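Breakdown of the fold
As a plain string of letters, each chain reads:
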Amino acid sequence: MSKIRTRFAPSPTGKMHVGNLRTALYEYLIARHEDGTFVLRIEDTDQERFVPEALDIIYKTMELTGLTHDEGPDKDGGYGPYVQSERMKTGVYLEYAKQLVEKGEAYYCFCTKERLDSLRASDKTDDGKEIAKYDKHCLQLSSEEVEEKLAAGVPYVIRQNNPTTGTTVFHDAIYGDISVENEELDDMILIKTDGYPTYNFANVVDDHMMEITHVVRGNEYLSSAPKYNRLYEAFGWDVPEYVHCPVITDENHKKLSKRCGHSSVEDLLEQGFLPEAIINFVALLGWSPSDDREIFSLRELEEVFDYHHISKSPAVFDITKAKWMNGEYIKAMDMDRYLEYALPVIKKTVTRDCDLTKIAELVKTRIEVFPDITEKIDFFDKLPEYDTAMYTHKKMKTNSENSLEVLKDMLPRLEAQEDYSVAGLEALCKEYIAEKELKNGRVLWPLRTAVSGKQMTPGGAYEIMEILGKEESLSRIRKGIAMLEEAVEK
RNA sequence: GGCUCCAUGGUCAAGCGGUUAAGACAUCGCCCUUUCACGGCGGUAACACGGGUUCAAAUCCCGUUGGAGUCACCA
């Protein structure tokens, strides 16, 4: 069997969609799993929608996620050029299209936009949707008429000439055999008026020329697949293995659109997702391994990925589970790399002179996504306004009265204490707790509350006080005492 | 609307004729703990419906319903 060759063929029109990323990932994995070749091809045949920055995004995203290609515009593997606009200059597409014209599998069409529009208008459904199929009007033209128009410079396109009877059957690795009546097949345009090939045509020609063995793409191409199949047959080329992946949808089960915020890879990165978590999550959307595992590195995926296990039904992009998975990656991250991500976020919220690394460590197991940090640590910077009701906690058996008592007792001891390390503070508090025969919570709850002003905090009283330091800790405790005195009097 | 595809809990999903119908996220409860989180334990929750085929159907077939995709000189 010949070596597997897959290709990722994005069109540079904007941000990278998670659907695109997953397609790229599966293409990459299919190739890597079999020690095949993964090629990157840029499909820029639409000059209208072309946006140059999109190229950067594609390269950056692939590099970041580790989907490295073996061949592409920047890595010649002998099948170049790898950019369609450059391939066009070689004249291949027109040449192949003409070949089809000679075979009677395609024909010149001179119909104007106006005629096409009226054709559609005359054939509307109840809800106003156009169901136009080209009427093969220009197929009637004699070769003399065609030559004449061509010579006169009349703008033209070249259309595929599909049969009107019989059926076309093609095979997909995921969906099995699919058959469509030829009568349904529209004579799609192969070469546009501007001389560029359409995606449909360029795709088939390039896949053949680049010897792509597995054509992986989104399910939205399933309905045009028979037309591609006809093209292969018309040329007499071998049909590749089709792998159509189910669509990824939003929470309303609609195809992900670029507008829904969390649907582009860039957006996700901005929201604090790690590239490897995105890859892992997206891999499991529409595919599952043979066991229960859920956490996979890219290398591990390469090992176990079998595209025959791709599912048929669409998958909802569940941001909640994606966050959970990201949290798992954060917990497993080694500290140095974690700090690279966490510290910048912390610096933005905590301006006080204190050990930011300690704060970062405290919060590592408590976040799912980096921006979560901000809300959890803001109290380090500034003691928030809080209500003395917070001193009351049923389980800790604390209330305003006994909290006031504890804090007043502790204040002189804390003032005398020089060692504000976790260990030092713990020793001090444990001594007091033992002396008064109290439950830990009776002492630690009021302390933590006074020092943080929050119901819940990363770390306990010791950790927080260590980071805040003696002076700030004492000032916050004094404030707590003052607040409690006022509240108790009432 | 035509065509094509799909159908297991709220979500991702295992399952390929015989299972107490896995697992994960979410949710709820308990334990651990100075709070929260982490971690541990447990609970709630699914085969869309109707017909066949079969000794036996979530699994095969046919309908119905529901959903999605697609119908461009966009990819």
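As a convention, each chain's residues are numbered from 1 in the sequence order in which they are written. Whichever chain is written first becomes A and whichever ligand is written first becomes 1, with later ones labelled in order. Predicted model: local features are reported for residues with pLDDT of at least 70 only, side-chain atom pairs are reported and counted for 80 or more only, and whole-chain, interface and lining totals are derived from all residues. Values shown for side chains rest on all heavy atoms present in the structure; no hydrogens or waters enter the calculation.

**Concerning the overall build of chain A**
The secondary structure listing takes helices from DSSP runs of H or I that are at least 4 residues long and strands from runs of E that are at least 2 residues long, numbered from the N terminus. When you go through chain A residue by residue, the secondary structure sums to 19 helices and 11 strands. Here the globule rule is a power law, 2.2 Å times the number of residues to the power 0.38, and the radius of gyration is based on C-alpha atoms. Here the C-alpha radius of gyration of chain A, 33 Å, is well above what a compact globule of 490 residues would show, namely 23 Å. The dimensions of chain A, computed from C-alpha atoms along their principal axes, are 110 × 50 × 35 Å. Remark: exposure states derive from per-residue accessible area (1.4 Å probe, protein chains only) relative to the maximum for the residue type, with buried under 20%, exposed over 50%, and partly exposed in between. Expressed as a percentage of its 490 residues, the buried residues of chain A come to 49%. By definition, residues are in contact when any of their heavy atoms lie within 4.5 Å. A fraction of 74% describes how many contacts in chain A between residues 6 or more apart in sequence connect residues 24 or more apart. For the area figures, the Shrake-Rupley method with a 1.4 Å probe applies, and any residue is considered shielded solely by the protein chains shown. Surface exposure of chain A reaches about 23,900 Å², of which carbon and sulfur atoms provide 49%. Averaging the locations of the 62 positively and 89 negatively charged side chains of chain A gives two centres separated by 5 Å. Here the positive residues are Lys and Arg and the negative ones are Asp and Glu; neither His nor the chain ends is included. Just so you know, the charge point we use is NZ for Lys, CZ for Arg, CG for Asp and CD for Glu.

**Regarding the packing of helix H4 (residues 92-103) against helix H7 (residues 199-209)**
Axis lines are fitted to C-alpha atoms, over the contacting stretch for helices. Their N-to-C directions set the angle, which ranges from 0 to 180 degrees. As a packed pair, H4 and H7 sit with axes 11 Å apart at the nearest point and diverge in direction by 100°. Relative to H7, the element H4 is oriented roughly perpendicular. Contact residues: H4 offers Val-92, Tyr-93, Tyr-96, Ala-97 and Leu-100, while H7 offers Phe-201, Ala-202, Val-205, Asp-206 and Met-209. Gly falls in the polar group here, along with every residue not listed as nonpolar (Ala, Val, Leu, Ile, Met, Phe, Trp, Tyr, Cys, Pro) or charged (Asp, Glu, Lys, Arg). Counted by class, the contact of H4 with H7 contains 9 nonpolar, no polar and 1 charged residues. For classification purposes, an angle smaller than 35 degrees is called roughly parallel, one larger than 145 roughly antiparallel, one from 65 to 115 roughly perpendicular, and anything else oblique.

**Things to note about the side chain of Lys-364**
Along the chain, Lys-364 falls in the loop between helix H14 (356-363) and helix H15 (372-381). Within the buried core, Lys-364 has no salt-bridge partner, and the shortest N-O distance to an opposite charge, that of Asp-334, equals 7.9 Å. At a separation of 3.5 Å, a polar atom in the side chain of Lys-364 contacts the main-chain carbonyl oxygen of Ile-330. Lys-364 has contacts with Ile-330, Lys-331, Met-333, Met-335 and Tyr-338, leaving out every residue within four places of it along the chain. Any carboxyl oxygen of Asp or Glu within 4 Å of a side-chain nitrogen of Lys or Arg constitutes a salt bridge here. By the criterion applied in these results, polar contacts are pairs of N or O atoms within 3.5 Å in which, for protein atoms, one can donate a hydrogen and the other can accept it, and in which residues neighboring in sequence qualify only through two side-chain atoms.

**A look at helix H13 (residues 335-349)**
By this rule the span expected of a helix is its residue count minus one, scaled by 1.5 Å. Taking 1.5 Å of rise per residue, 15 residues should cover 21 Å, and H13 covers 20 Å from first to last C-alpha, within 8% of that figure. Taken residue by residue, H13 has Tyr-338, Leu-339, Ala-342, Leu-343, Val-345, Ile-346 and Thr-349 as its buried positions. At its buried positions, H13 is contacted by helix H12 (319-332), H14 and H15.

**A short note on the pattern of salt bridges**
A complete count under the given rule lists 31 salt bridges for this structure. With its nearest N and O atoms 2.8 Å apart, the salt bridge here joins Arg-41 to Glu-43. The burial state of Arg-41 is the same as that of Glu-43; both residues are buried. The residue Arg-230 makes a salt bridge to Glu-233 at a minimum N-O spacing of 3.6 Å. Highlighted residues: Arg-230 and Glu-233, both in helix H8 (residues 225-235), separated by 3 residues, approximately one helical turn. Judged by relative accessible area, which is 14%, Arg-230 ranks as buried. Of the residues examined, Glu-233 reaches a relative accessible area of 44% and is grouped as partly exposed. Each of Arg-7, Glu-27, Arg-41, Glu-43, Arg-87, Asp-206 and Asp-207 takes part in a single network of salt bridges with overlapping partners.

**As for the domain arrangement of chain A**
All the domain ranges listed were derived from an automatic or database domain assignment. By the assigned domains, chain A splits into domain 1 (91-245), domain 2 (335-374) and domain 3 (383-489). On a C-alpha basis, the centroid separation for the pair domain 2 and domain 3 is 24 Å. The interface of domain 2 with domain 3 comprises 8 residues on the first partner and 9 residues on the second. There are 2 salt bridges connecting domain 2 and domain 3. Between domain 2 and domain 3 we count 2 residue pairs in polar contact (both at pLDDT 80 or more) in total. Here the side of domain 2 that touches domain 3 is composed, by residue class, of 4 nonpolar, no polar and 4 charged.

**Comments concerning the environment of Tyr-391**
Among the structural elements, Tyr-391 can be located in the loop between H15 and helix H16 (400-416). Exposure remark for Tyr-391: the relative accessible area of 0% places this residue in the buried category. On a C-alpha basis, the gap between Tyr-391 and Ile-158 in space is 79 Å, while along the polypeptide they are 233 residues apart. Setting aside chain neighbours within four positions, we find Tyr-391 in contact with Tyr-386, Thr-398, Asn-399, Ser-400, Ser-403, Leu-407, Trp-445, Pro-446, Thr-449, Ala-450, Gly-480 and Leu-484.

**Observations regarding the pairing of strand E6 (residues 176-181)**
Should DSSP find at least two bridges between two strands, the strands are regarded as paired. Here 6 bridges tie strand E5 (residues 167-172) to E6, and the two strands are oriented antiparallel to one another. The partner of Asp-172 across the bridge, within E6, is Gly-176. Counting the residues in the hairpin turn of E5 and E6 gives 3 residues.

**Describing unusual backbone geometry**
Even without being glycine, Lys-136 reaches a positive phi, approximately 60°. Judged by its relative accessible area of 15%, Lys-136 falls in the buried class. Of note, the phi angle at Lys-397 is positive, near 55°, even though the residue is not glycine.

**What about the nonpolar core?**
Nonpolar cores were defined as sets of buried Ala, Val, Leu, Ile, Met, Phe, Trp, Tyr and Cys residues, with membership established by side-chain atoms within 4.5 Å. Phe-201, Tyr-338, Phe-370, Ile-373, Phe-380, Leu-414 and Ile-477 are the most contacted members of the largest nonpolar core, which has 146 residues in total. If one sorts the elements of this core by residue count, helix H19 (residues 461-489) sits on top with 11 residues.

**Topic: the sheet that holds strand E7 (residues 189-191)**
Ordered by their spatial adjacency, 3 strands build an open sheet running E3-E4-E7, and the pairing between neighbours is antiparallel. Sheet topology places strand E3 (106-109) and E7 at the edges, where each strand pairs with a single neighbour. Going across the sheet, the axis of each strand differs from the next one's by a mean of 40°, ignoring polarity.

**Points about the packing of helix H17 (residues 422-436) against H19**
Orientation of H17 relative to H19, taken along the N-to-C sense of each, is 130°, at an axis distance of 9 Å. In terms of orientation, H17 and H19 fall into the oblique class. As H17 runs across H19, the sense of the crossing is right-handed. Residue-level inspection shows Val-422, Leu-425, Glu-426, Cys-429 and Lys-430 of H17 in contact with H19, the latter providing Tyr-462, Glu-463, Met-465 and Glu-466. Here the contact of H17 with H19 is built from residues that sort into 5 nonpolar, no polar and 4 charged. Left-handed describes a crossing in which the near helix is turned anticlockwise from the far one by less than a right angle; the clockwise case is right-handed.

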